[in-house]
Structures are given as structure tokens and as C-alpha cells.
Amino acid sequence: MINILKKVVVAMGGVDTSEKNHVDTYTENIIVKIPGDKMATTSNGGGIWTEISEIEEYEFLDIHVVGFKPYKCFNGAELIFIKEDNEIAVLNSDTKEIVSTHSNVSERYLTTLSFEITNKNLDFLFDRECDKVIFKCNKKEEEFEVIK
């Protein structure tokens with residue numbers, strides 16, 4: 001019934017307010033202006049950006065994942081670092097509730113989360129010694145090539 005009323009309003013010159021026709025420039029602007037260093041990329045416009053933040057004596061690796069899969073979970077995510085087809089490290093996220101934001105301008109998703117890295121040796125990450133990074137959340141995963 002509601003769909004019929006929406007069609008009638010549009011036919012009479014009204015505004016189509018359906019979500020599929022809404023252009024989300026807010027999320028797209030965030031994706032274009034992601035802070036931090038781009039650590040990894042994909043050939044089709046995705047990537048992982050990183051920032052280090054410090055709260056009291058704890059250090060966190062904040063990441064922004066721009067990809068093509070939506071993520072929504074309440075048990076966190078993993079970053080898996082691969083070097084020469086061998087898994088060299090797995091980081092479990094400190095953020096447990098993860099929800100991606102969709103941009104219908106570029107058809108990409110933005111997922112932001114953080115990892116507690118106090119007392120962890122991440123030289124392989126900062127020296128860009130690994131080849132790939134896999135972002136894994138709720139049985140979905142995306143693979144990114146590390147920028148050297």
C-alpha cells in the first residue's frame with residue numbers, strides 16, 4: 001500500500017524519497033578524506049588506512065577499511081598479515097561492535113575499528129614487510145595488497 005502511495009506522489013510531481021534514489025555524499029566525502037596512512041590497497045579502489053592513537057599508557061591501531069562487502073557483527077574482527085603465503089600475525093580487534101557504512105555514490109563500504117597494540121611487536125607492519133593483509137569479520141573477508 002505504501003509503495004502505491006509513493007508512486008502516486010511521484011506521478012503528481014512530488015519528490016521520490018526512497019532510499020535507493022538518495023545520494024549519500026556524506027559517507028563518500030569521508031571515504032575520500034580518510035585520515036592516516038594508506039597501508040594496503042586493492043585494484044578496484046579499496047584500501048586500508050591506519051593511524052596510531054594513544055590513551056593514557058595504551059596504544060591503539062585505528063584502521064579504516066574501504067571495501068566492497070558490508071560488515072555487521074558484535075564479536076569483533078581480525079587482521080591477518082601474510083608474508084610469502086605464510087601467516088605471520090593475527091590481530092584481534094578491540095572494537096567488538098562493527099557496522100559498515102555504505103556509500104551509494106561509489107558502491108563501497110567504510111568500516112572503522114581499532115586494535116589494542118600495547119606490548120605488541122608490529123615492526124613487520126611499520127616496515128611494510130608483509131605482502132598481504134586480510135580483513136576478516138563474521139565469516140566474510142577481503143584481501144588487500146600491502147603498499148611498499
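Further up the page is the structure itself.
Small disclaimer: the values here were computed from a predicted structure and weren't measured. (Residues numbered from 1 in each chain as written. Predicted model: local features only at pLDDT ≥ 70, side-chain atom pairs only at ≥ 80, totals over all residues. Heavy atoms only, no water.)

On inspection of all chains with the given rule, the structure shows 2 aromatic pairs. Seen from their ring centres, tyrosine 71 and phenylalanine 135 are 5.0 Å apart, and the 85° between their planes marks the pair as edge-to-face. Of this pair, tyrosine 71 sits in the loop between strand E3 (58-67) and strand E4 (72-73) while phenylalanine 135 sits in strand E10 (residues 132-137), and the two are 64 residues apart along the sequence. Taking the relative accessible area as the measure of exposure, tyrosine 71 reaches 3% and is therefore buried. Between lysine 140 and the ring centre of tyrosine 71, over which it is positioned, the NZ or CZ distance is 5.9 Å. (Phe/Tyr/Trp six-rings, centres within 6.5 Å; stacked < 30°, edge-to-face > 60°. Helix = DSSP H or I, 4+ residues; strand = E, 2+ residues; numbered from the N terminus. Buried < 20%, exposed > 50% of the residue type's maximum accessible area, 1.4 Å probe, protein only. Lys NZ or Arg CZ within 6 Å of the ring centre and 35° of its normal.)

Next up on the list: helix H2 (residues 25-32). Regarding H2, the residues found buried are Thr27, Glu28 and Ile31. Mapping the buried residues of H2 onto a view down its axis gives an arc of 100°, with all of them on the same face. The exposed residues of H2 that point more than 90 degrees off its buried face are Tyr26 and Val32. For H2, the elements touching its buried residues are E3, strand E8 (101-103) and strand E9 (108-116). (Arc of directions from axis to C-beta. Contact = heavy atoms within 4.5 Å.)

Under the criterion given, the structure shown has 4 salt bridges. Counted as one network, the salt bridges with shared partners bring together Asp85, Lys132 and Glu143. (Salt bridge = Lys/Arg side-chain N within 4 Å of Asp/Glu carboxyl O.)

Glancing now at the side chain of threonine 111. Tracing the chain through its elements places threonine 111 in strand E9. A relative accessible area of 1% means that threonine 111 is categorised as buried. If we skip the residues at most four places from it in the chain, threonine 111 touches Ile63, His64, Val65, Tyr71, Ile98, Ser100 and Phe135.

Just geometry here; none of it tells us what the structure is for.
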